[in-house]
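What follows is the residue order along each chain.
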Amino acid sequence: QKEVEQDPGPLSVPEGAIVSLNCTYSNSAFQYFMWYRQYSRKGPELLMYTYSSGNKEDGRFTAQVDKSSKYISLFIRDSQPSDSATYLCAMSARTNDYKLSFGAGTTVTVRA
Amino acid sequence: DAGVTQSPTHLIKTRGQQVTLRCSPKSGHDTVSWYQQALGQGPQFIFQYYEEEERQRGNFPDRFSGHQFPNYSSELNVNALLLGDSALYLCASSLPGGSGELFFGEGSRLTVL
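A brief report on the enclosed structure follows. Everything quoted here is computed from the prediction, not taken from an experiment.

Here's the deal with the interface of chain A and chain B
Across the boundary between the two partners, chain A contributes 20 residues, which contact 25 residues of chain B. Taken together, the two surfaces of chain A and chain B that pack against each other cover about 1800 Å², and 49% of this comes from carbon and sulfur. When residues of chain A are sorted by the area they lose upon contact with chain B, Tyr98, Lys99 and Phe102 of chain A head the list and together hold 35% of the total. Inspection of the chain A/chain B interface yields 1 salt bridge. Here glutamate 106 of chain B makes a salt bridge to lysine 42 of chain A, at a shortest N to O gap of 3.0 Å. Linking chain A with chain B are 6 residue pairs in polar contact (both at pLDDT 80 or more). It is strand E4 (residues 32-38) of chain A that provides the largest number of residues to the side of chain A that touches chain B, a total of 3 residues. Partitioning the side of chain A that touches chain B into residue classes produces 10 nonpolar, 4 polar and 6 charged.

Okay, structure coming up:
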């Protein structure tokens, strides 16, 4: 079993829809949770960074962490064609930890 | 302000050869990490360099080695290449003291034939 499991997708949604992305994990030591966006042929770009359980909102993006269920989510509201990318969840056990554990990614296509 | 730059962007090698990939961190960053991303997979941590020393290492064999120079740039070396080493190799840099945020380059795509 992989340490981090991510819904494989792919997802195809119409413009304006809400996109829901999910990851589960097995390592209870994880405390720092991230979502990265990766456009085709580019490196990952950090979208959201959260610590422990709870919600964090940044514009159209909301990240949720439920440590009791070992489950994290990213929601994208009012999705745009420019949101079409692969979304990777990542997590670590310590602050300033450069050894991130990534999910395999979910590819999202937003149709105009 | 240039971000993380990597070279070469693409390269093709044959089994058994050796390869060196290069990375220049974002300005002001002193820590460099290397990741391997196989097709359709998430990045896998190879190792991290700070103050010219390897500080953390992932589950990769000794064929994978690295170096960090005084100007914080870094190299990743892979010896005795295998077909399974074909992947996108990503370099990431971060700020002194760290914030948990990694800035990734666009990667070097290695194909081993």
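Regarding the environment of lysine 99 of chain A
Residue position: lysine 99 of chain A is located in the loop between strand E9 (85-92) and strand E10 (101-102). Non-local contacts of lysine 99 of chain A, meaning those with residues more than four positions away in its chain, are made with Met91 and Ser92 of chain A together with Tyr35, Phe45, Gln56, Arg57 and Gly58 of chain B.

Describing the sheet that holds strand E7 (residues 64-68) of chain B
Each strand in a sheet pairs with another by means of backbone hydrogen bonds, the pair being arranged parallel or else antiparallel. Residue and element names in this part refer to chain B. Reading across from one edge, E1-E3-E8-E7 is the order of the 4 strands in this open sheet, with antiparallel pairing throughout. Looking at strand neighbours, the two that pair on one side only are strand E1 (5-7) and E7, the edges of this open sheet. Each strand axis lies, on average, 20° off the axis of its neighbour in the sheet, ignoring direction. Across 5 bridges, E7 lies against strand E8 (residues 74-78) in antiparallel orientation. Residue pairing across strands places serine 65 opposite asparagine 77, the latter belonging to E8.

Some points on the environment of glycine 59 of chain A
All names here are of chain A. Following the sequence through the fold, glycine 59 ends up in the loop between strand E6 (54-58) and strand E7 (61-66). With a relative accessible area of 51%, glycine 59 lands in the exposed category. It is 8.8 Å that separates the C-alpha atoms of glycine 59 and arginine 77, two residues lying 18 residues apart in sequence.

Re the sheet that holds E7 of chain A
All names here are of chain A. A sheet is described by the order of its strands in space; here 5 strands give the open sequence E1-E3-E8-E7-E6, paired in antiparallel fashion. If you trace the sheet from one side to the other, it starts and ends with strand E1 (4-6) and E6, each paired once. Adjacent strand axes in the sheet meet at a mean angle of 15°, parallel and antiparallel pairs treated alike.

Rules of the game
Residues numbered from 1 in each chain as written. Chains lettered and ligands numbered in written order. Predicted model: local features only at pLDDT ≥ 70, side-chain atom pairs only at ≥ 80, totals over all residues. Heavy atoms only, no water. Contact = heavy atoms within 4.5 Å. Buried area = accessible area lost by both parts, 1.4 Å probe. Salt bridge = Lys/Arg side-chain N within 4 Å of Asp/Glu carboxyl O. Polar contact = N/O pair within 3.5 Å; in protein donor to acceptor, adjacent residues only side chain to side chain. Helix = DSSP H or I, 4+ residues; strand = E, 2+ residues; numbered from the N terminus. Nonpolar A, V, L, I, M, F, W, Y, C, P; charged D, E, K, R; others polar. Pairing = 2+ DSSP bridges. Axes fitted to C-alpha atoms, helices over the stretch in contact; angles between N-to-C directions. Buried < 20%, exposed > 50% of the residue type's maximum accessible area, 1.4 Å probe, protein only.

Geometry only, nothing functional implied.
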